[in-house]
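Structural overview
Listed below, chain by chain, are the residues.
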Amino acid sequence: KNIPEWVINNTNKFLYFLAGYTDGEGIISISKNSKKHISFIFVISSGDKDIIHPLFDGLKRLGFRPSLRKRRSAGDSNNFNGKILKYSQDQWMVRLKRRDEVLRLTELLPIRHMEKIKKRAVMIKLQNKVYIEDVMPHWLELKNEISSESKQYLSEAQERLSRRSSSSKEVALV
């Protein structure tokens, strides 16, 4: 469960590890920080302190100023899409919220998750914008594009599953 020392102590390997973890568990986003202004955020959450603490320390070693805090306690519950989730362990969060740091980190990370790559590109494009009104049309366009792609992938998967299911029924009938 621990991140190996050879990963933690090698900047390039650490960035690749962090990129992979970001692709799976990370958040790269723009959020409102007041009625008029936005901020860029980078967040990694985990219930595994043996993962989250080395990520926090590694970011500090690279010159970033991350925050680390407990997001939820074991036993807490959360309503997620109409389902109640109960946490069996504490949930920890490492976060960067300084715009220059979020941009620098996302440019350093060799992320591969297409949604996060697109978010990074929009953030770079909007890096000098501070007002919600200047940013939100671009961000909402991206969110709609991502939502549309997700619906398309889901539809294609359901269609393939349906075809596979009907072809296996045909084989069973023969």
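Further up the page is the structure itself.
These lines cover the structure that appears in this document, whether it is placed above or below.

Analysis parameters
Residues numbered from 1 in each chain as written. Predicted model: local features only at pLDDT ≥ 70, side-chain atom pairs only at ≥ 80, totals over all residues. Heavy atoms only, no water. Helix = DSSP H or I, 4+ residues; strand = E, 2+ residues; numbered from the N terminus. Rg over C-alpha atoms; globule rule 2.2 N^0.38 Å. Buried < 20%, exposed > 50% of the residue type's maximum accessible area, 1.4 Å probe, protein only. Contact = heavy atoms within 4.5 Å. Areas by Shrake-Rupley, 256 points an atom, 1.4 Å probe, with all protein chains shown as cover. Polar contact = N/O pair within 3.5 Å; in protein donor to acceptor, adjacent residues only side chain to side chain. Pairing = 2+ DSSP bridges. Axes fitted to C-alpha atoms, helices over the stretch in contact; angles between N-to-C directions. Phe/Tyr/Trp six-rings, centres within 6.5 Å; stacked < 30°, edge-to-face > 60°. Lys NZ or Arg CZ within 6 Å of the ring centre and 35° of its normal. Core = buried A, V, L, I, M, F, W, Y, C linked by side-chain atoms within 4.5 Å. 1 Å grid on protein atoms, 1.4 Å probe; cavity = no way out; pocket = protein on both sides within 12 Å on 5 of 7 lines; lining within 4 Å. Points joined across faces, edges and corners; volume = space filled by probe spheres on them. Nonpolar A, V, L, I, M, F, W, Y, C, P; charged D, E, K, R; others polar.

A few words on the overall build of the protein. Within the protein one finds six helices and six strands. In sequence order, the protein lays out its α and β elements as α-α-β-β-α-β-β-β-β-α-α-α. Relative to the globule expectation of 16 Å for 174 residues, the C-alpha radius of gyration of the protein, 20 Å, shows a markedly less compact shape. A principal-axis box enclosing the C-alpha atoms of the protein has dimensions of 65 × 45 × 35 Å. Buried residues in the protein amount to 34% of all 174 residues. Relative to all contacts within the protein whose residues are 6 or more apart in sequence, the contacts with residues 24 or more apart total 60%. Carbon and sulfur atoms make up 50% of the accessible area of the protein, which amounts to about 11,400 Å² in all.

Among the secondary structure elements, aspartate 23 is positioned in helix α2 (residues 11-25). Taking the C-alpha atoms as reference points, aspartate 23 and isoleucine 44, separated by 21 residues in sequence, lie 10.0 Å from one another. Each residue touching aspartate 23, except ones within four places of it in the same chain, is listed here: Ile111, Arg112, His113 and Lys116. Here arginine 112 takes part through its backbone nitrogen, which lies 2.9 Å from a polar atom of the side chain of aspartate 23.

Moving on, we come to the sheet that holds strand β3 (residues 67-72). With antiparallel pairing, the four strands of this open sheet are ordered in space as β1-β2-β6-β3. Unpaired on one side and paired on the other, β1 (26-32) and β3 mark the two borders of the sheet. Each adjacent strand pair in this sheet contributes to an overall mean axis angle of 35°, direction not counted. Strand contacts of helix α4 (residues 99-108): β1, β2 (38-46) and β6 (91-96), with the helix running at about 60° to β2, the strand carrying the most contacts.

Helical periodicity: at 3.6 residues per turn, an α-helix aligns residues three or four positions apart in one direction. Taken residue by residue, α4 has Arg99, Glu101, Val102, Leu103, Leu105 and Thr106 as its buried positions. For α4, the secondary structure elements touched by its buried residues are α2, β1, β2, α3 (49-61), β6 and α5 (114-125).

All chains considered together, the criterion is met by one aromatic pair. Residues phenylalanine 17 and tyrosine 21 carry aromatic rings whose centres are separated by 6.2 Å and whose planes lie at 15° to one another, so their mutual orientation is stacked. Of this pair, phenylalanine 17 and tyrosine 21 both sit in helix α2, separated by four residues, roughly a single helical turn. By relative accessible area, tyrosine 21 is classed as buried at 18%. The cationic tip of arginine 99 hangs over the ring face of phenylalanine 40; the distance from NZ or CZ to the ring centre is 4.3 Å. Its end group placed over the ring of phenylalanine 64, arginine 104 keeps NZ or CZ at 3.9 Å from the ring centre.

With that settled, consider the nonpolar core. Of all hydrophobic cores here, the largest spans 36 residues; its most connected members are Leu18, Ile30, Phe42, Leu55, Leu105, Leu109 and Met123. Contact partners of leucine 55, with chain neighbours within four places excluded, come to Ile3, Phe14, Phe17, Leu18, Tyr21 and Ile44.

Bringing the layout of surface pockets into the picture now. Here the largest pocket defines a volume of roughly 220 Å³. Around the largest pocket, the lining residues are Glu25, Gly26, Ile27, Val43, Ser45, Arg71, Asn78, Phe80, Leu85, Tyr87 and Lys116. Those elements giving two or more residues to the lining of the largest pocket turn out to be β1, β2 and β4 (77-80). A breakdown of the residues in the lining of the largest pocket according to their chemical character gives five nonpolar, three polar and three charged.

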